Amino acid sequence: MSKETLTITDNRTGKTYEVAIKDGTIKAMDLRQITTGEDDFGIMCYDPAFTNTASCKSKITFIDGDKGILRYRGYPIEQLAEKSTYLETAYLILNGELPTQSQLNDWTHTITNHTMTHENIKKFIDGFRYDAHPMGMLISVVGALSTFYPAAKNINDAKVRRQETERLIAKMPTLAAFCYRHIMGFPFAYPDNDLSYTGNFLNMLFKMTELKYKSNPVLERALDVLFILHADHEQNCSTNAMRSVGSSQVDPYSAVAAAVAALYGPLHGGANEAVLRMLTEIGSKHNIPDFIEKVKGGSGRLMGFGHRVYKNYDPRARIIKETADQVFEVTGRNPLLDIALELEKIALEDEYFIKRKLYPNVDFYSGLIYQAMGFPVDMFPVLFAIPRTVGWLAQWEEMMQDSEQKIARPRQIYLGYDERDYVAMESRS
Ligand code: COA
């Protein structure tokens, strides 16, 4: 019978070590015993960007990047996008199981009744400049919420964690909508508890003088589907930020603010914004070949393409493409769609992209939908942050219950100077 171990021979010393293999991994700490002598610290793994390092065990999201599979708690993303709602999916992600009808009713009621924020939040938002980027505002305002809920510090109390989780999921759309209304110069619109999660969000964004806002059901459902697709994605950059910052035992508002900051970057949640800017810059199908050549020459990237994990078509991109057709039937076709379709066709046939397994990711088409629905480009990453909040919090909760987790603190390979004496100013050259 084969043994679940790895035998390592250190050719520096000729010594052999046997380390256990579990779940297809070895423990990095098992390498520490491999030394050349007493003064040697022991072998460490060097893995900048964690490309081959598992930082946790998780039961939430499964991705098979080569096959293009994404599942939340075992359920394929395609089935959830077709049959579930965002709030039901959020419940599933947090609790591990789909809710019964009464559990879903209670959950919906709880989230709906936590959508209001303290009035001082409005004053805080008013302090931003008219052209402030909404992600910059969101980072600050989520962080600021920790000061409104000082009890959130009690992160070792499961009840407190649960309450802050509910508050965050409920308030993110309100905060996001307030940031939007500030940029637009519109008065803030309060939550309407009669509406669905996405229906209420659209209400807080777009309500003008009407007494009751009524969203288009196709657009409301499209946004709900987009929210389902963005709800979690295992150990991505922002989730890693959430876990890493959360591992210091800070309150969840501060940790979520860090996660939102990580999401802001153009290589992560800012990519959908970058795609739209790229398509606008390309301007016409005729300019695509030149643009592709520039990318291949190393000048810029084809935004919305490529993924650290997916080396196949991102399953979310496929669903978004279908959703886009439904949205465009209501809003009219986004003229940038033709450029995007042609760009995808050319890239998928090009040796450069084939060789590197670069396929469209979730961000390639989502921006086109958001733009058609009337969102300014700056708001795109915010529309990612709202649904990802449940993923961040579920991962944080999992971390809090994992006895193997400690404060996240990587090692380094020090390549700087050895000890040297301070040089007086007059002696410096
Ligand atoms: N356009 C052109 N080339 C790309 C590319 C893109 N979008 N993404 C990756 N590549 C190339 C890299 O230049 C590199 O080529 P090389 O081997 O000749 O140097 C190779 O593909 C591998 O890229 P690498 O940066 O090592 O992959 P990664 O796993 O670190 O990066 C992303 C993953 C997502 C950051 C990267 O694909 C990217 O920047 N995509 C665009 C931004 C985006 O859409 N982000 C949203 C992710 S959901």
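Residues numbered from 1 in each chain as written. Predicted model: local features only at pLDDT ≥ 70, side-chain atom pairs only at ≥ 80, totals over all residues. Heavy atoms only, no water.

### Quick look at the sheet that holds strand β5 (residues 75–76)
Consideration 1: If you trace the three strands from one edge of the open sheet to the other, you get β3-β4-β5, paired in antiparallel fashion. The open sheet terminates on both sides in strands that have one partner only, identified here as β3 (61–64) and β5.
Consideration 2: Sheet analysis places β3 next to strand β4 (residues 69–72), joined by four bridges and oriented antiparallel. Bridging across to β4, T61 finds its partner in Y72. (Pairing = 2+ DSSP bridges. Helix = DSSP H or I, 4+ residues; strand = E, 2+ residues; numbered from the N terminus.)

### A closer look at the site of the ligand
Consideration 1: Of all residues adjacent to the ligand, which total 17 residues, the nearest are R301, L302, G304, R308 and R356.
Consideration 2: A distance of 2.8 Å is found between an oxygen atom of the ligand and a side-chain nitrogen or oxygen belonging to R308.
Consideration 3: Burial of the ligand by the surrounding chains reaches 71%, relative to a free accessible area of 860 Å².
Consideration 4: Considering only residue class, the shell around the ligand consists of eight nonpolar, five polar and four charged. (Near = heavy atom within 4 Å. Polar contact = N/O pair within 3.5 Å; in protein donor to acceptor, adjacent residues only side chain to side chain. Areas by Shrake-Rupley, 256 points an atom, 1.4 Å probe, with all protein chains shown as cover. Nonpolar A, V, L, I, M, F, W, Y, C, P; charged D, E, K, R; others polar.)

### Focus: helix α16 (residues 363–372)
Consideration 1: Along α16, eight of the 10 residues are buried, which leaves the element largely enclosed by surrounding structure.
Consideration 2: Close packing links the buried residues of α16 with α8 (217–229), α11 (271–282), α13 (315–331), α14 (336–349) and α17 (380–400).
Consideration 3: Backbone geometry just after α16 places G374 at a positive phi near 100°. (Buried < 20%, exposed > 50% of the residue type's maximum accessible area, 1.4 Å probe, protein only. Contact = heavy atoms within 4.5 Å.)

### Regarding the nonpolar core
Consideration 1: Judged by nonpolar contacts, the single largest core of 115 residues is most densely connected at L138, M278, L302, L343 and F375.
Consideration 2: At 13 residues, α17 tops the list of elements feeding residues into this core.
Consideration 3: Not counting residues within four places of it along the chain, the set of residues in contact with L138 comprises M172, L175, A176, C179, V260, V382 and A385. (Core = buried A, V, L, I, M, F, W, Y, C linked by side-chain atoms within 4.5 Å.)

### Overview of the state of the cysteines
Consideration 1: Tallied over the full model, the rule gives zero disulfides.
Consideration 2: The thiol sulfur of C56 is not disulfide-bonded, and the nearest other cysteine sulfur, from C237, lies at 14 Å. (Disulfide = S-S within 2.5 Å.)

### Considerations on the packing of aromatic side chains
Consideration 1: The full count for this structure, using the stated rule, is 17 aromatic pairs.
Consideration 2: When the ring of F178 is compared with that of F188, the centres are 4.6 Å apart and the planes differ by 35°; the resulting orientation is tilted. Of the two residues, F178 sits in helix α6 (residues 158–184) while F188 sits in the loop between α6 and α7 (197–206), which places them 10 residues apart along the sequence.
Consideration 3: With centroids separated by 6.2 Å and ring planes inclined at 40°, the aromatic side chains of F201 and F227 adopt a geometry described as tilted. With F201 in helix α7 and F227 in helix α8, this residue pair connects regions lying 26 residues apart in the sequence. Of the two residues, F201 and F227, neither departs from the other in class, the shared state being buried.
Consideration 4: An aromatic cluster is present here, built from Y180, F206, Y370, F375 and F380 joined pairwise through their rings.
Consideration 5: In this structure, R318 is placed above the aromatic ring of Y313, and the distance from its NZ or CZ to the ring centre is 4.6 Å. (Phe/Tyr/Trp six-rings, centres within 6.5 Å; stacked < 30°, edge-to-face > 60°. Lys NZ or Arg CZ within 6 Å of the ring centre and 35° of its normal.)

### Side note on the pattern of salt bridges
Consideration 1: Considering all chains together, one arrives at 20 salt bridges under this definition.
Consideration 2: Across the pair K67 and D64 runs a salt bridge whose closest N-O atoms are separated by 3.7 Å.
Consideration 3: For D224, the salt bridge goes to R221, with nearest N and O atoms at 3.5 Å. Here the residue D224 and the residue R221 both occupy positions in helix α8, the gap between them amounting to three residues, near one helical turn.
Consideration 4: Looking at D224, the relative accessible area reads 9%, which means it is buried.
Consideration 5: Taking relative accessible area as the criterion, R221 reaches 28% and is therefore assigned partly exposed.
Consideration 6: Several salt bridges share partner residues, and in doing so they unite D192, D194 and K212 into one network. (Salt bridge = Lys/Arg side-chain N within 4 Å of Asp/Glu carboxyl O.)

### Observations regarding the packing of α13 against α16
Consideration 1: Orientation of α13 relative to α16, taken along the N-to-C sense of each, is 20°, at an axis distance of 9 Å. Between α13 and α16, the interaxial angle falls into the category roughly parallel. Between α13 and α16 lies a crossing of left-handed hand. Residues A317, I320, K321, T323, A324, V327, F328 and T331 of α13 form the contact with α16, whose own contacting residues are Y365, S366, L368, I369 and A372. (Axes fitted to C-alpha atoms, helices over the stretch in contact; angles between N-to-C directions. Parallel < 35°, antiparallel > 145°, perpendicular 65-115°, else oblique. Left-handed = near helix turned anticlockwise from the far one by under 90°.)

### Describing helix α5 (residues 134–148)
Consideration 1: Given a rise of 1.5 Å per residue, 15 residues ought to cover 21 Å, and the 21 Å separating the end C-alpha atoms of α5 matches this to within 8%.
Consideration 2: Within the span of α5, buried status applies to P134, M135, M137, L138, V141, V142, A144, L145 and S146.
Consideration 3: On its buried face, α5 is in contact with α4 (119–126), α6, α10 (252–264) and α17. (Expected span 1.5 Å × (residues − 1).)

### Some remarks on the packing of α5 against α17
Consideration 1: At a minimum axis distance of 8 Å, the contact between α5 and α17 shows a crossing angle of 35°. Contacts from P134, M135 and L138 in α5 reach P381, V382 and A385 in α17.

### Here we look at the environment of G332
Consideration 1: Tracing the chain through its elements places G332 in the loop between α13 and α14.
Consideration 2: Note: C-alpha distance between G332 and G416 (84 residues apart in sequence) is 58 Å.

### Some words on the environment of I8
Consideration 1: Examined against the element boundaries, I8 turns out to sit in strand β1 (residues 5–10).
Consideration 2: Residues I8 and W107, 99 residues apart in the sequence, show an inter-C-alpha distance of 51 Å.
Consideration 3: The residues contacting I8, other than those within four sequence positions of it, are K15, T16, Y17, V19, L31 and I34.

### A closer look at a nonpolar patch on the surface
Consideration 1: Side chains of F41, M44, Y46, I413 and L415 sit close together on the surface and give an oily, nonpolar patch of about 590 Å² of accessible area.
Consideration 2: In this fold, L415 is placed in the segment after α17.
Consideration 3: Among the residues examined, L415 registers a relative accessible area of 76% and is labelled exposed. (Patch = residues over 30% accessible without salt bridge, like charges linked within 9 Å, V, L, I, M, F, W, Y side chains within 5 Å.)

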